[in-house]
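Fold and geometry: a report
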Amino acid sequence: MKVLVTGATGFVGYYVVHKLLERKVHVVATARNSEAARQKSWYDKVTFIEHDFTKETKENLFEKFQKPDLAIHLAWGGLANFKDASHIESELPLHKAFLLNLISNGLKDLAVTGTCLEYGMQEGELSEDMDANPTIAYPIAKNELRKYTEALRQKFSFHFKWIRLFYMYGEGQTPKSIIPQLQKALRAGENVFNMSKGEQVRDYLPVESIAENIVIFAMQHEITGIINCSSNKPVTVKQLVQDYLKQHNKKIELNTGFYPYTDYEPFKFWGSDKKQKKIISMNPIEEFKKERKERIESYGQNKELKEAAEKFNTISNRDQYSYNFSWMGRPIIQYPQDMVMMQELIWEIKPDLIIETGIAHGGSLIFYASIMELIGKGEILGVDIDIRDHNRKEIEAHPMFKRIKMIQGSAIDPNIIEQVKKHAEGKKTIMVSLDSNHTHEHVLEELKLYAGFTTVGSYCIVFDTIVEDLPKGSINRPWDVGNNPKTAVFEFLKTNDNFVIDKAIDNKLLISVAPDGYLKRIK
């Protein structure tokens, strides 16, 4: 299947392209700036065709974009000011012409994103059967484009889905949005965050979920017309901010009431999700994925389950539970839960190289290499200050050694780093696993030296962050509470916003030696 994505370099478009690639479809991506596209992690995996939406053309765009089976139209300009008349006077005519060109020349399946602001000042749960009543330029223009495109179906035969987006947050969002403003204040070390009273009720989803929904809605034909892309979970803006701070272990005083409320949004509104539930229920695979995601999210608020996991983590670490397992004959000093998670990440990311500091018996090296062998590509580079002879012999004699290389020396030695750089040259996708000396100082230095090898969309995993959560003095090693991998992670993230802690993994595992240690590179 071939899918055209317009506005592919935008905030939502970036994630939509990734979600399509996960489904193994041929993506034709387009945007005004090819240079911006080259900076995206998906660039080499798509067919990119530059197109300037600010200029009308008589060129056959259906031919230009290689006759796609489906078009997902996300592009729109001027989003810095929703009230600007240019949305009606300039953007609307251009997008009418663009869609007419595609449809009249043969496009048979189209999804276009709209906005919840099309509902105007209506409050409460907003459903698709309610009349649109937009009050400012941007949603007026969007609603007019919807009506225009619907009218084209009287002349042309094509499937049409109008996906109304509610509120979202995530990496890459406009700096004017509340979460980016909060992140900026935190990075600057400010003591106070200025915001509105925060009592207004909204409907928020992470941009990854928005993108997933867009793809699901766009790729089906059973339910067409207007479809809300919403959570159906009303939340105040203040609660959104507080939840973000709690999730990221941050603190800042909220100066509520500093800014006035906007005059173009209703005070309390959220989206009905009845249509999207119906769409997902018709696809058992998508329904299972959604159920699993919601279940995992619920674990983050499940006090009883979290307390049980915390108790197990404490007692099992005391009793050296992680020393009980092996992989293909080699001891693997890890929790099975973390190894299953690593398998999921490796299978999803399919890295060309995994760099691991800390080899021990080599079980992790063998484990990663075996997954690589199944994928059919990639190698593992292990670094350890002391590769003991008996372990080296066993690793080198193993069938999976063909995908393994080892370097002996301190992971933070400049000479070792130079060797690692040579191994990393030419590798498009790299994962990193840090599991050697667990003192704060050493892990922080490892993060500074190795995190940069991690490619965008991949992970740098810091093991044994659990030390910070165990009773003080329970580990007879140079590291302890206040001096361990987790404290190093928190220190590292204060000055590096290329990575975020993947809390979804923490909620999923619960039992893990690496809580707050799964760092995803987002830029």
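Residues numbered from 1 in each chain as written. Predicted model: local features only at pLDDT ≥ 70, side-chain atom pairs only at ≥ 80, totals over all residues. Heavy atoms only, no water.

Remarks on the sheet that holds strand S11 (residues 225-229)
Short version of the rule: Pairing between strands requires that DSSP locate at least two bridges from one strand to the other. Secondary structure is summarised from DSSP: a helix means a run of H or I of at least four residues, a strand means a run of E of at least two, and numbering begins at the N terminus for each. Here a residue-residue contact requires only that any non-hydrogen atoms of the pair lie within 4.5 Å. As a rule, the C-alpha atoms of each element are fitted with a line to give its axis, helices using only the stretch in contact, and angles between N-to-C directions run from 0 to 180 degrees.
Spatially, 7 strands are ordered S3-S2-S1-S4-S5-S7-S11 in an open sheet, and the strand pairing comes out parallel. The sheet is open, and its two edges are formed by strand S3 (47-48) and S11, each paired on a single side. Pairing geometry for strand S1 (residues 2-6) and strand S4 (residues 70-73), over 4 bridges, is parallel. Looking at the pairing, Val 3 lines up with Leu 70 of S4. The sheet strands contacting helix H7 (residues 207-218) are S4, strand S5 (109-115), strand S7 (159-165) and S11, and the helix crosses S7 at an angle near 160 degrees.

Examining the environment of Asn 105
Relative to the helices and strands, Asn 105 is located in the loop between helix H4 (86-104) and S5. With sequence-adjacent residues up to four places away left out, Asn 105 is seen in contact with Asn 60, Leu 61 and Phe 62.

A short note on unusual backbone geometry
Glycine aside, the phi torsion of most residues is negative, and most peptide linkages are trans. In the Ramachandran plot, Asp 464 falls in the positive-phi region, its phi being about 65 degrees despite a non-glycine side chain. Locating Asp 464 in the fold gives a position in the loop between strand S21 (459-462) and helix H17 (485-495).

Some points on the pairing of S21
Worth spelling out the cut-off: Accessible area is worked out with a 1.4 Å probe on protein chains only. A residue is then buried under 20% of its type maximum, exposed over 50%, and partly exposed in between. The crossover handedness rule: strands pointing away from the viewer, path from first strand over the helix to second strand clockwise, crossover right-handed.
Covered by surrounding structure in S21 are Tyr 459 and Ile 461 together with Cys 460 and Val 462, the residues of both alternating faces. With 3 bridges joining them, strand S20 (residues 430-434) and S21 adopt parallel strand pairing. When the sheet's bridge partners are listed, Val 432 is paired in S21 with Cys 460. At this point the chain moves from S20, through helix H16 (residues 440-450), to the parallel S21, and the crossover so formed is right-handed. Pairing between S21 and strand S23 (residues 518-521): 3 bridges, direction antiparallel. Paired with Ile 461 across the bridge in S23 is Tyr 518.

As for the sheet that holds S21
One open sheet accounts for 7 strands, arranged S19-S18-S17-S20-S21-S23-S22; its pairing is mixed. Taken across any chain shown, the strands that pair with only one partner, and hence form the sheet edges, are strand S19 (404-408) and strand S22 (499-501). Mean inter-strand twist for the sheet, computed between neighbouring axes without regard to direction, equals 20 degrees. Packing of H16 onto the sheet brings it into contact with strand S17 (353-357), strand S18 (379-384), S20, S21 and S23, and relative to S20 it is tilted by some 170 degrees.

Details of the packing of aromatic side chains
This is how the line gets drawn: Pairing of aromatic side chains here covers Phe, Tyr and the six-membered ring of Trp, requires ring centres within 6.5 Å, and sorts the geometry by plane angle: under 30 degrees stacked, over 60 edge-to-face, intermediate tilted. Should the NZ of a Lys or the CZ of an Arg lie within 6 Å of a ring centre and within 35 degrees of the ring normal, that charge is described as sitting over the ring.
On inspection of all chains with the given rule, the structure shows 24 aromatic pairs. Here Tyr 14 and Tyr 15 contribute two aromatic rings whose centre-to-centre distance is 5.1 Å and whose plane-to-plane angle is 90 degrees, an arrangement assigned as edge-to-face. Taken together, a centroid distance of 4.7 Å and an interplanar angle of 90 degrees make the contact between Trp 327 and Phe 367 edge-to-face. One end of the pair, Trp 327, is in strand S15 (residues 326-327); the other, Phe 367, is in helix H13 (residues 363-375), with 40 residues separating them in the sequence. Here the aromatic cluster, defined as three or more aromatic residues joined through ring pairs, consists of Tyr 119, Phe 166, Tyr 167, Tyr 169, Tyr 204 and Phe 269. Between Arg 164 and the ring centre of Tyr 119, over which it is positioned, the NZ or CZ distance is 4.5 Å.

Looking at the pairing of strand S10 (residues 201-206)
Buried residues dominate S10, accounting for 6 of its 6 residues. Bridging between strand S8 (residues 167-169) and S10 involves 3 bridges; their strand directions are parallel. Opposite Tyr 169, over in S10, you have Pro 206 as the bridge partner. In the sheet, S10 pairs with strand S12 (residues 234-236) via 3 bridges, with the strands oriented antiparallel. When the bridges of S12 are listed, Asp 203 appears paired with Pro 234.

Notes on the packing of H7 against helix H9 (residues 274-281)
For any two helices packed against each other, the geometry comes down to the angle between their axes and how far apart the axes lie. To keep it simple, the criterion reads: Small angles under 35 degrees read as roughly parallel and large ones over 145 as roughly antiparallel, with 65 to 115 read as roughly perpendicular and the rest as oblique. Here a crossing is called left-handed whenever its near helix is offset anticlockwise from the far helix by less than a right angle, and right-handed whenever the offset is clockwise.
The N-to-C vectors of H7 and H9 enclose an angle of 65 degrees; their axes lie 10 Å apart at closest approach. Here H9 runs roughly perpendicular to H7, going by the angle between their axes. Here H7 and H9 pass one another in a crossing that is left-handed. Contacts from Asn 213, Ile 216 and Phe 217 in H7 reach Gln 276, Ile 279 and Ile 280 in H9.

Re helix H6 (residues 178-187)
Listed in full, the buried residues belonging to H6 are Ile 178, Ile 179, Pro 180, Leu 182, Gln 183 and Ala 185. Buried positions along H6 lie against S8, strand S9 (192-194) and helix H8 (237-247). Residue Gly 189 follows H6 closely and has a positive phi angle near 70 degrees.

Focus: the side chain of Thr 113
Relative to the elements of secondary structure, Thr 113 occurs in strand S5. Accessibility expressed as a relative area gives 6% for Thr 113, which makes it buried. If sequence neighbours within four positions are ignored, Thr 113 has contacts with His 73, Leu 74, Lys 142, Trp 162, Ile 163, Leu 165 and Ile 214.

Some thoughts on the pattern of salt bridges
For the record, the criterion: A pair is scored as a salt bridge if a Lys or Arg side-chain nitrogen falls within 4 Å of a carboxyl oxygen belonging to Asp or Glu.
Counted under the stated rule, the structure contains 35 salt bridges. For Glu 212, the salt bridge is made with Lys 289, and the minimal N-O distance between the two is 3.4 Å. Pair noted here: Glu 212 is in helix H7 and Lys 289 is in helix H10 (residues 284-299), with a separation of 77 residues, a long-range link. Salt-bridge contacts for Arg 388 lead to Asp 386; the nearest nitrogen and oxygen are separated by 3.6 Å.

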